[in-house]
Amino acid sequence: MPYTTVGEERVFYTYHRGSTPQAPQVILVHGSGGSHRLWGSTVRRLGPVAAYAIDLPGHGRSGGTGCRTVPDYAAFLLGFMEAIGLPRAVIGGHSLGGAIALEMALRHPQRVSGLVLVGTGARLRVLPAILEGTLSSFEQTVELICGYAYSPHTSRELVHQGQQQMLHVTPQTLHGDFAACNAFDVMDRLEEIRCPTLVVCGTDDVLTPPKYSSFLAERIEGARLEIIERAGHMVMIENPGRVAQAITEALANWQP
Ligand code: COA
């Protein structure tokens, strides 16, 4: 499993070698308190699409500390692309990762050949109970977040696993991630985005409701919207088959 270095820090990522070399390459970015593991079951089903799944600083197996703003995470992602010698890529992101992807498309459009926006939005205000609770009562707040993050149709075992994984980040990192979300707002800039875009959301997502995804798909020219039944905010682990299918179908027509 590969590591690279961005700034002073070791950064962990996985690489899925797609079966179609001329297809665009995708970098998948997890959300608040997550890691590359959240994309594992989707990546295994990507077939022709080559995909990197990274651990943001302070998350998973990467070193360093988490950032506190979306622009800082976007600067990190640009550093990652430089470190692995990737001039352009499709940026795919879940929740906070989707905000980072949007920021990349707005700040560095020449580096972004497309966007995959999963369970995210152009503004990501966070419930005060989540934002404040990450520091004051970490474990209870992780339980609260995971209570909201999955569809009622999703197995309790999967919810439990997600909860255990989120407990691996520090309270400071999780708080920084949610502070980054809370300050993020590009609602009035979406028309500037010109790259092909896929927007994916679960019908039962209450953290970034389907309304947020419809807004993205209406404002980003030519964007394709995929709403997935019986899935919540963690749609890519609740229904990885449908998410992988949506990505491979969309990317089949995109240029690198
Ligand atoms: N796309 C489209 N519409 C959006 C939006 C987005 N990304 N973000 C907010 N809006 C809409 C809201 O639906 C609301 O519309 P309404 O007035 O018609 O109901 C309006 O913009 C204002 O919403 P918001 O900016 O969120 O402020 P608020 O004070 O109304 O609500 C919260 C604040 C935190 C209660 C609310 O954002 C919320 O419930 N968030 C989801 C829970 C959460 O913490 N998610 C974590 C995200 S990482």
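Predicted model only: the values in this text are computed from it and were never measured. (Residues numbered from 1 in each chain as written. Predicted model: local features only at pLDDT ≥ 70, side-chain atom pairs only at ≥ 80, totals over all residues. Heavy atoms only, no water.)

Chemist: I'm lost on the overall build of the protein in this one. Help?
Modeler: Counting its regular elements, the protein contains ten helices and eight strands. The globule rule puts the C-alpha radius of gyration for 256 residues at 18 Å, and the 16 Å found for the protein is close to it. Along the three orthogonal principal directions, the C-alpha set of the protein runs to about 45 × 40 × 35 Å. For the protein, with 256 residues in total, the buried portion stands at 58%. In the protein, 20 side chains carry a positive charge and 23 a negative one; their mean positions are 5 Å apart. (Helix = DSSP H or I, 4+ residues; strand = E, 2+ residues; numbered from the N terminus. Rg over C-alpha atoms; globule rule 2.2 N^0.38 Å. Buried < 20%, exposed > 50% of the residue type's maximum accessible area, 1.4 Å probe, protein only. Lys, Arg positive; Asp, Glu negative; His and termini not counted. Charge placed at Lys NZ, Arg CZ, Asp CG, Glu CD.)

Chemist: Which parts of the structure should I look at to understand the nonpolar core?
Modeler: One recurring pattern in soluble globular proteins: nonpolar side chains tend to sit buried together. Counting residues in each nonpolar core, the largest one holds 89 residues, and the members touching the most others are Ile27, Phe80, Ile91, Leu102 and Leu115. Considering each element in turn, this core owes the most residues, nine residues, to helix α2 (residues 70–84). Setting aside its immediate chain neighbours within four residues, Phe80 contacts Thr4, Val6, Val11, Tyr13, Ile27, Tyr52 and Ile54. (Core = buried A, V, L, I, M, F, W, Y, C linked by side-chain atoms within 4.5 Å. Contact = heavy atoms within 4.5 Å.)

Chemist: Can you help me understand the site of the ligand in this one?
Modeler: What surrounds the ligand is a group of 13 residues, the closest being Arg123, Val126, Leu127, Leu207 and Lys211. In the model, a nitrogen atom of the ligand is placed 2.8 Å from a nitrogen or oxygen of the Arg123 main chain. Within the contact set of the ligand, an oxygen atom lies 2.6 Å away from a side-chain nitrogen or oxygen of Lys211. When the ligand is considered free in solution it has 940 Å² of accessible area, and contact with the protein chains removes 65% of it. (Near = heavy atom within 4 Å. Polar contact = N/O pair within 3.5 Å; in protein donor to acceptor, adjacent residues only side chain to side chain. Areas by Shrake-Rupley, 256 points an atom, 1.4 Å probe, with all protein chains shown as cover.)

Chemist: Got a minute to help me understand the side chain of Ser32 in this structure?
Modeler: Counting through the fold element by element, Ser32 comes out in the loop between β3 (25–29) and α1 (40–43). Other than its neighbours up to four places away in sequence, Ser32 contacts Leu96, Met166, Leu174, Asp177, Phe178 and Cys181.

Chemist: Just to check I follow, could you spell out the packing of aromatic side chains for this structure?
Modeler: Each aromatic ring pair is characterised by the separation of its centres together with the angle its planes make. Following the criterion strictly, the structure yields five aromatic pairs and no others. Ring centres of Tyr3 and Phe12 lie 5.2 Å apart, and the angle between their planes is 70°; on these two criteria the pair is classed as edge-to-face. By relative accessible area, which is 0% here, Phe12 ends up buried. Measuring from ring centre to ring centre gives 5.2 Å for Tyr13 and Phe80, while their planes differ by 75°; the resulting arrangement is edge-to-face. A residue pair is termed long-range when its members are at least 10 positions apart, and Tyr13 in strand β2 (residues 9–16) and Phe80 in helix α2 qualify at 67 residues. Its relative accessible area of 12% is what places Tyr13 among the buried residues. (Phe/Tyr/Trp six-rings, centres within 6.5 Å; stacked < 30°, edge-to-face > 60°.)

Chemist: Help me understand the sheet that holds strand β6 (residues 112–118), please; the structure alone is not making it clear to me.
Modeler: Within a sheet, neighbouring strands are paired by backbone hydrogen bonds and run either parallel or antiparallel to one another. In spatial order, the strands read β1-β2-β4-β3-β5-β6-β7-β8; together these eight strands make up an open sheet with mixed pairing. With partners counted over all chains shown, the strands left at the sheet margins are β1 (3–6) and β8 (224–228), one partner each. Strand-to-strand twist in this sheet, taken as the mean axis angle between neighbours without regard to direction, amounts to 25°. Alignment of β3 against strand β4 (residues 50–54), held across five bridges, turns out to be parallel. Counterpart to Gln25 in the pairing with β4 is Ala50. Its contacts with the sheet put helix α3 (residues 96–107) on β3, β5 (89–94) and β6, and the angle it makes with β6 is roughly 155°. Strands β6, β7 (197–202) and β8 of the sheet are contacted by helix α8 (residues 210–219), whose axis makes an angle of about 165° with β7. (Pairing = 2+ DSSP bridges. Axes fitted to C-alpha atoms, helices over the stretch in contact; angles between N-to-C directions.)

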